[in-house]
Amino acid sequence: MTYLVTGGAGFIGSHVVDTLLRRGEQVVCVDNFTSYYDPGRKRRNLEWALSQPGFTLAEADIRDAEALGAIFAAHRPRRVAHLAAMPGPRPSIANPTLYEQVNVGGTVHMLELARRHAIESLVLASTSSVYGKTEKLPFVENDPTDRPLSPYAATKKAAEVLAYTFHSLYGTPTAVVRFFTVYGPRGRPDMTPYLFVERMVRGEPFVLFDGGVNLFRDYTYVDDIVAGVVAALDRPRPYEIYNLGNSQPVEMRHFVALLERITGLRALVEARPLPATEPPITFASTEKAGRLLGFESSIAIDEGLARFWAWYRAEILTGGSSR
Ligand SMILES: NC(=O)c1ccc[n+]([C@@H]2O[C@H](COP(=O)([O-])OP(=O)(O)OC[C@H]3O[C@@H](n4cnc5c(N)ncnc54)[C@H](O)[C@@H]3O)[C@@H](O)[C@H]2O)c1
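Quick caveat: nothing in here was measured; it's all calculated off a predicted structure. (Residues numbered from 1 in each chain as written. Predicted model: local features only at pLDDT ≥ 70, side-chain atom pairs only at ≥ 80, totals over all residues.)

Novice: What is the right way to read the overall build of the protein chain from this model?
Specialist: In terms of regular secondary structure, the protein chain is built from eleven helices and 13 strands. Whereas a compact globule of 323 residues would reach a radius of gyration of roughly 20 Å, the protein chain reaches 19 Å, a difference of no more than 12%. Each of the three principal axes of the protein chain carries a C-alpha extent, and together these read 55 × 45 × 40 Å. Residues counted as buried form 46% of the 323 residues belonging to the protein chain. (Helix = DSSP H or I, 4+ residues; strand = E, 2+ residues; numbered from the N terminus. Rg over C-alpha atoms; globule rule 2.2 N^0.38 Å. Buried ≥ 20, exposed ≤ 12 C-beta atoms within 10 Å, placed from the backbone.)

Below is the structure:
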């Protein structure tokens, strides 16, 4: 079976690619190696995949409908995981047009091709950010999501809604998967824990919003997220939205203390007020993903951070490959 993964060179996408290749699938990765962070890291993410006979790298921009059309025509994928995006709520403030063009415009191109090629399973990456600031916990898929706090979150919500419209018009089996703060090997350098650990290694301070007090994030280990994405690809339904999270929000000051314990390094914290783009808590209900996808978050935060630190030491501090 041929799978197409957009954003397949990125943090989460490269793990999805490797997982599909390991089970013997043909995988086409679409990525434009955007410079949001070092494209060299993304190349390293694909080192193993590139050695596999079932793998094809198609360098293309999802804003280019013609290029995407040619890739679909050449490879005829049956299942598609659309993960390519401009990520990050805070950077989206400076460049909302780019976020709209990639996350909304690019997604429309994918939806159009998915229906033209009668794709049997389409999975779209969305985010816990669509829930905005809410006091209703945990977040359930049918909670209101019409008050996003950043252009990034708004573009992700727009993509979800467009996916519903395309499903309703053309019947494309579609799963929207809302990821909750993903971390692990190959983690994005602009995200925690990577950012914090990098500063701790250098003995430099880093910003912790509100000093990490009453600020909670539902950190989810990347292997759990990938298992959820693959389950959604494997079990198409007409149109569903799923939270993929750990359902155990961690208070950020405990998160930093845990990092200090695991790394043996000291954190120099600079407290600053929480920006308007950030909700005080994220907390996934995964009851629906458990029931319909068999999803189960299996890696606790201390275990996940220890694995992240082992990867960081081996691959970043001593410069191995990124596997
Ligand atoms: N990491 C998280 O905690 C998190 C949380 C919620 C949602 N998400 C979503 O998950 C998906 C993957 O995120 P990630 O953390 O792996 O980020 P990432 O930046 O590592 O991966 C995204 C990939 O998309 C590619 N890309 C960007 N613009 C493109 C374009 N115009 N054409 C082709 N490729 C393009 C990038 O080069 C990159 O390789 C994104 O849709 C993101 O919004 C991530």
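Having seen it, we continue.
Novice: Explain the nonpolar core here, please?
Specialist: Nonpolar side chains tend toward joint burial in soluble globular proteins. Val16, Val177 and Val229 are the most contacted members of the largest nonpolar core, which has 87 residues in total. Looking at which element gives the most residues to this core, the answer is helix α8 (residues 222-234), with nine residues. In this structure Val177 touches Val123, Ala125, Ser126, Gly228, Val229, Ala232, Tyr242 and Leu244, once residues within four positions along its chain are discounted. (Core = buried A, V, L, I, M, F, W, Y, C linked by C-beta atoms within 7 Å. Contact = placed C-beta atoms within 7 Å.)

Novice: Looking at this model, I keep getting lost on the site of the ligand. Mind explaining?
Specialist: Looking at the ligand, there are 29 residues lining it, with Gly7, Gly10, Phe11, Ala85 and Val182 nearest. Elements supplying a minimum of two residues to the shell around the ligand: α1 (11-22), α5 (96-116) and β5 (121-127). The element best represented in the shell around the ligand is α1, accounting for three residues. A class-by-class count of the residues in the shell around the ligand yields 15 nonpolar, nine polar and five charged. (Near = placed C-beta within 6 Å. Nonpolar A, V, L, I, M, F, W, Y, C, P; charged D, E, K, R; others polar.)

Novice: Could you clarify how one ought to interpret the sheet that holds strand β1 (residues 2-6) in this entry?
Specialist: In a beta sheet, neighbouring strands pair by backbone hydrogen bonds and run either parallel or antiparallel. Strands sit in the order β3-β2-β1-β4-β5-β6-β11 across an open sheet of seven strands; the sheet is parallel. Every other strand in the sheet has two partners, leaving β3 (55-59) and β11 (239-244) as the edge strands with one partner each. Mean inter-strand twist for the sheet, computed between neighbouring axes without regard to direction, equals 20 degrees. Taken together, the five bridges between strand β2 (residues 26-31) and β3 define a ladder with parallel strand orientation. Its bridge partner being in β3, Asp31 is matched across the sheet by Glu59. Relative to the sheet, helix α4 (residues 65-75) contacts β1, β2 and β3, its axis offset from that of β2 by approximately 175 degrees. On the sheet, helix α6 (residues 151-170) packs against β5, β6 (174-179) and β11 and is oriented at approximately 155 degrees with respect to β5. (Pairing = 2+ DSSP bridges. Axes fitted to C-alpha atoms, helices over the stretch in contact; angles between N-to-C directions.)

Novice: Is there a simple way to think about the packing of α1 against α8 in this case?
Specialist: A pair of packed helices is captured by two measures, namely the crossing angle of their axes and the spacing between those axes. α8 packs onto α1 with a crossing angle of 60 degrees between their chain directions and a minimal axis gap of 10 Å. By the angle between their axes, α1 is oblique relative to α8. Classified by chirality, the crossing of α8 by α1 is right-handed. Of α8, the residues touching α1 (which contributes Ile12, His15, Val16 and Thr19) are Val222, Ile225, Val226, Val229 and Val230. (Parallel < 35°, antiparallel > 145°, perpendicular 65-115°, else oblique. Left-handed = near helix turned anticlockwise from the far one by under 90°.)

Novice: So what exactly am I meant to see when it comes to unusual backbone geometry here?
Specialist: A cis amide bond, omega -10 degrees, links Leu137 with the succeeding residue Pro138. Among the secondary structure elements, Pro138 is positioned in the loop between β5 and α6. For the bond running from Thr192 to Pro193, omega is 0 degrees, close enough to zero to count as cis. Its identity is not glycine, yet Phe33 carries a phi of approximately 50 degrees, on the positive side. Looking at the secondary structure, you find Phe33 in the loop between β2 and α2 (39-45). Positive phi outside glycine occurs at Ala118, with the angle close to 45 degrees. Mapped onto the secondary structure, Ala118 falls in the loop between α5 and β5.

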